[in-house]
Amino acid sequence: WAVVGAGQAVWDSYVALRGVRADNQRLSQQIADLRVQLQQERAVSQTVGRLRALLEMRASVTWKTTGADVIGGSVSPEFRSIMIDRGSDAGLRPDMPVITPAGLVGRVVWSSAHAATVQLIVDKSAAAAVIVEPSRAQGVVLGGNDDGTLSLDYLPASAVVQRGDQVVTAGVDRIYQKGIVVGYVERIGRTVIVRPAADFANLESVLIVVDPAPQAA
């Protein structure tokens, strides 16, 4: 009987251990499912927040705009660009400005019926006439820096520029409406460096300004 009793105890322990393992597996699966659900809820929340910001911006600007989602992009330093899911059927044409609530993204350079390519303001051949606030000094920002910043050039010799100054479009280049935030002065030296306001690494949705481009005076 002692042997039988010992054997039963071993068997009971084995059954209990399998039950614990099964419970652990179920708990692990439940935790994994909850993590996936949490990630999905965060993604939905971020999407709602992003769309709300775009709608608020659209309501606050005086220009006519249309929204688009980013569906692709080029990481090549030879041509920094994104592709969006709106094209000529939505009224898009070359040189229309593209913006986010944070600031300037770039301009449309090509469009098909249902998609368009946007040249980012940080591209090496991109440029925009700008005003530095609060001094109101005018200059031109140029793309092409390896670190994703902009160079601020053609400033008057008397220009007063300080770190942290906001840089906005001047509205005199026949592309960008006046007052779009471009970025903020980051460094001052032989060249003034501007950090773009838009986060190009995380662009998901944008607004395209479909008003006629401003004409130079």
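Residues numbered from 1 in each chain as written. Predicted model: local features only at pLDDT ≥ 70, side-chain atom pairs only at ≥ 80, totals over all residues. Heavy atoms only, no water.

Draft legend 1. Looking closely at the side chain of Thr 149. Along the chain, the position of Thr 149 falls in the loop between strand E7 (137-142) and strand E8 (150-153). One polar contact links Thr 149 to Asn 145, side chain to side chain, over a distance of 3.1 Å. Of note is the side chain of Thr 149, whose polar atom sits 2.6 Å from the side chain of Asp 147. Setting aside its immediate chain neighbours within four residues, Thr 149 contacts Glu 186, Ile 193, Val 194, Arg 195 and Pro 196. (Helix = DSSP H or I, 4+ residues; strand = E, 2+ residues; numbered from the N terminus. Polar contact = N/O pair within 3.5 Å; in protein donor to acceptor, adjacent residues only side chain to side chain. Contact = heavy atoms within 4.5 Å.)

Draft legend 2. Representation of a nonpolar patch on the surface within the structure. A cluster of nonpolar side chains, Ile 71, Met 83 and Trp 110, forms an exposed patch at the surface whose accessible area comes to about 300 Å². The topology assignment puts Met 83 in strand E2 (residues 81-84). In this structure Met 83 comes out as partly exposed when scored by relative accessible area, which is 32%. (Patch = residues over 30% accessible without salt bridge, like charges linked within 9 Å, V, L, I, M, F, W, Y side chains within 5 Å. Areas by Shrake-Rupley, 256 points an atom, 1.4 Å probe, with all protein chains shown as cover. Salt bridge = Lys/Arg side-chain N within 4 Å of Asp/Glu carboxyl O. Buried < 20%, exposed > 50% of the residue type's maximum accessible area, 1.4 Å probe, protein only.)

Draft legend 3. The arrangement of the pattern of salt bridges in detail. According to the stated counting rule, one finds six salt bridges in the structure shown. Between Arg 136 and Glu 133 there is a salt bridge, with its nearest N and O atoms 3.3 Å apart. Overall, Arg 136 belongs to the partly exposed group, its relative accessible area being 42%.

Draft legend 4. Quick look at the environment of Phe 79. Structurally, the position occupied by Phe 79 is in the loop between strand E1 (65-74) and E2. Put simply, Phe 79 and Leu 120 are 41 residues apart on the chain and 8.5 Å apart in space, counted from C-alpha to C-alpha. The residues touching Phe 79, leaving out its near neighbours within four places in the chain, are Ser 74, Val 109, Thr 117, Gln 119 and Asp 123.

Draft legend 5. Layout of the environment of Val 194. Counting through the fold element by element, Val 194 comes out in strand E11 (residues 192-196). Val 194 has contacts with Thr 149, Leu 150, Leu 152, Val 167, Gly 183, Tyr 184, Val 185 and Glu 186, leaving out every residue within four places of it along the chain.

Draft legend 6. Quick peek at the sheet that holds strand E6 (residues 127-133). Strand order in the closed barrel formed by six strands is E6-E7-E8-E11-E10-E9, and the pairing between neighbours is antiparallel. Strand after strand, the sheet turns through a mean of 40° between neighbouring axes, direction not considered. Two elements, strand E9 (residues 166-169) and strand E10 (residues 181-187), share three bridges in a ladder whose sense is antiparallel. The residue of E10 that forms the bridge with Gln 166 is Tyr 184. (Pairing = 2+ DSSP bridges. Axes fitted to C-alpha atoms, helices over the stretch in contact; angles between N-to-C directions.)

Draft legend 7. Geometry of the pairing of E8. Two strands pair when backbone bridges link them, and E7 and E8 are joined in this way by three bridges, in the antiparallel orientation. Bridge assignment links Val 141 to a residue of E8, and that residue is Leu 152.

Draft legend 8. Geometry of unusual backbone geometry. For the bond running from Glu 133 to Pro 134, omega is 10°, close enough to zero to count as cis. Structurally, Pro 134 can be placed in the loop between E6 and E7. Positioned with a positive phi, Asp 95 is a non-glycine residue whose angle comes to about 80°. For Asp 95, the location among the structural elements is in the loop between E2 and strand E3 (97-99). Note on Asp 95: relative accessible area 29%, which makes it partly exposed. Phi at Arg 136 is positive, roughly 70°, even though this residue is not glycine. Inspection of the secondary structure assignment puts Arg 136 in the loop between E6 and E7.

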